[in-house]
Amino acid sequence: TAARLAQAAQDSELRSLRYQVNPHFLFNTLNSLSSLVITGKNAAAESMIQNLSNFYRTSLSIDPLEDVTLDEEVALQKRYLEIEAVRYPERLNAEIAIDQDVRGTKLPTMILQPLIENAIKYGVARTNRPVTVSITAQATAAGTEICVSDNGEAAPTPSTANRQGAGIGIANVRDRLEGRFGSMARLETEQRSEGGFVARIIIYKERGNGG
């Protein structure tokens with residue numbers, strides 16, 4: 001039937017969007033691993049390989065069309081941050097604060113991955129000082145609000161301008177939220193005047209609140 005074909009097409013698109021996340025991340029990680037090996041940092045390289053293995057073992061075992069809880073998603077992203085901490089041991093600080101009453105919120109797996117990768121690429125990699133990447137989640141009057149933020153550089157530059165929405169990662173998150181929730185969720189982004197960037201996912205309680 002037409003409805004069944006439409007659902008199959010939507011499932012295929014969502015699966016494709018989900019798997020877009022992996023190649024870019026793997027490319028960056030392998031480059032970092034190569035640098036560690038070349039510079040003789042064998043212990044750090046071994047740690048990164050172990051963390052990478054654990055990350056992919058978990059992420060690839062999850063059906064791309066299945067939702068996970070926010071708690072499960074954050075646990076997976078902790079593994080990713082451990083990988084990046086090997087890459088930026090002096091610059092990357094991670095803070096996670098998830099309110100108890102939203103830990104069971106369902107959302108697409110690895111939906112936070114591009115947002116955290118964006119924070120590290122533009123907030124951590126392009127500065128010479130420590131930068132904090134934060135993952136927070138709380139219940140609001142509208143629904144569940146999940147934020148990924150960093151306190152990187154203040155002024156947007158040509159190299160960081162696409163943080164606001166033109167980047168592939170940000171677009172991927174928007175497309176996946178729309179495919180999964182329709183008008184029941186949205187992604188907001190904000191370049192902080194005092195420095196850094198905020199990506200905010202809002203999952204609404206009631207239809208129509210997304211504007």
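For clarity, every value in this text was computed on a predicted model and none was experimentally measured. (Residues numbered from 1 in each chain as written. Predicted model: local features only at pLDDT ≥ 70, side-chain atom pairs only at ≥ 80, totals over all residues. Heavy atoms only, no water.)

Turning next to the sheet that holds strand 6 (residues 185-191). Reading across the sheet, the 5 strands line up as 2-4-5-7-6 and stay open at both edges, with mixed pairing between neighbours. Edge strands, defined here as strands with exactly one partner in the open sheet, are strand 2 (92-98) and strand 6. On average, each strand axis in the sheet is inclined to that of its neighbour by 10°, with strand direction left out of account. In the sheet, strand 5 (residues 143-150) pairs with strand 7 (residues 197-204) via 8 bridges, with the strands oriented antiparallel. What sits directly across from S149, in strand 7, is V198. Along the sheet, helix 3 (residues 70-87) makes contact with strand 2, strand 4 (131-139) and strand 5, crossing strand 2 at roughly 170°. In the packing of helix 5 (residues 168-181) onto the sheet, contacts are made with strand 6 and strand 7, and the angle to strand 6 comes to roughly 160°. (Pairing = 2+ DSSP bridges. Helix = DSSP H or I, 4+ residues; strand = E, 2+ residues; numbered from the N terminus. Axes fitted to C-alpha atoms, helices over the stretch in contact; angles between N-to-C directions. Contact = heavy atoms within 4.5 Å.)

On inspection of all chains with the given rule, the structure shows 1 aromatic pair. With a centroid separation of 6.2 Å and an interplanar angle of 50°, the aromatic rings of F55 and Y80 are classed as tilted. In this pair, F55 sits in helix 2 (residues 42-59) while Y80 sits in helix 3, placing the two residues 25 residues apart along the sequence. Comparing F55 with Y80 shows no difference in burial state: the two are buried. (Phe/Tyr/Trp six-rings, centres within 6.5 Å; stacked < 30°, edge-to-face > 60°. Buried < 20%, exposed > 50% of the residue type's maximum accessible area, 1.4 Å probe, protein only.)

What follows covers helix 2. Between the first and last C-alpha of helix 2 there are 25 Å, a value that for 18 residues agrees with the 26 Å anticipated at 1.5 Å per step. Listed in full, the buried residues belonging to helix 2 are A45, M48, N51, L52, N54, F55, Y56 and S59. (Expected span 1.5 Å × (residues − 1).)

It is worth spelling out the pairing of strand 6 at this point. The two faces of strand 6 differ: A185, L187, T189 and Q191 on one face are buried, but R186, E188 and E190 on the other face are not. As defined by bridge partners, strand 6 adjoins strand 7 across 7 bridges and the pair is classed as antiparallel. By the bridge assignment, Q191 is partnered in strand 7 with F197. Counted between consecutive antiparallel strands, the loop separating strand 6 from strand 7 contains 5 residues, among which G195 sits at a positive phi close to 125°.

What follows deals with the environment of V173. On the secondary structure map, V173 appears in helix 5. Linking V173 and Q113, residues 60 residues apart in sequence, is a C-alpha distance of 8.9 Å. In this structure V173 touches I111, P114, L115, L187 and I201, once residues within four positions along its chain are discounted.

Bringing the nonpolar core into the picture now. Core analysis: the largest hydrophobic core is formed by 45 residues, its most contacted members being L112, L115, I116, I120 and I201. When residues of this core are assigned to their parent elements, the largest contribution, 7 residues, is made by helix 3. In contact with I116, not counting residues within four places along its chain, are Q77, Y80, L81, V133, I135 and V148. (Core = buried A, V, L, I, M, F, W, Y, C linked by side-chain atoms within 4.5 Å.)

Its location among the elements puts S134 in strand 4. The class for S134 is buried, based on a relative accessible area of 13%. Sequence-distant contacts of S134, that is, excluding residues within four places in its chain, are made with E95, C147, V148 and S149.

Our focus in this paragraph is the confidence of the model for the protein. For the protein, the mean per-residue pLDDT works out to 82, and 79% of the residues sit at or above 70. The element-level mean pLDDT for the protein is lowest in helix 1 (residues 2-38), coming to 66, with strand 4 highest at 97. (pLDDT = per-residue confidence, 0-100.)

Glancing now at helix 3. The end-to-end C-alpha distance of helix 3 is 26 Å, a good match for the 26 Å that 18 residues give at a rise of 1.5 Å each. Listed in full, the buried residues belonging to helix 3 are L70, E73, V74, L76, Q77, Y80, L81, I83, E84 and V86.

On to the pattern of salt bridges, then. Evaluated as defined, the whole model comprises 6 salt bridges. Between R200 and E145 there is a salt bridge, with the nearest N and O atoms lying 3.5 Å from each other. With a gap of 55 residues between them, R200 in strand 7 and E145 in strand 5 connect regions that are remote in the sequence. In this structure E145 comes out as buried when scored by relative accessible area, which is 18%. Two residues, R200 and E188, come together in a salt bridge whose shortest N-O distance is 3.4 Å. Separated by 12 residues along the polypeptide, R200 in strand 7 and E188 in strand 6 bring together distant segments of the chain. One continuous salt-bridge network, built from bridges that share partners, spans E145, R186, E188 and R200. (Salt bridge = Lys/Arg side-chain N within 4 Å of Asp/Glu carboxyl O.)

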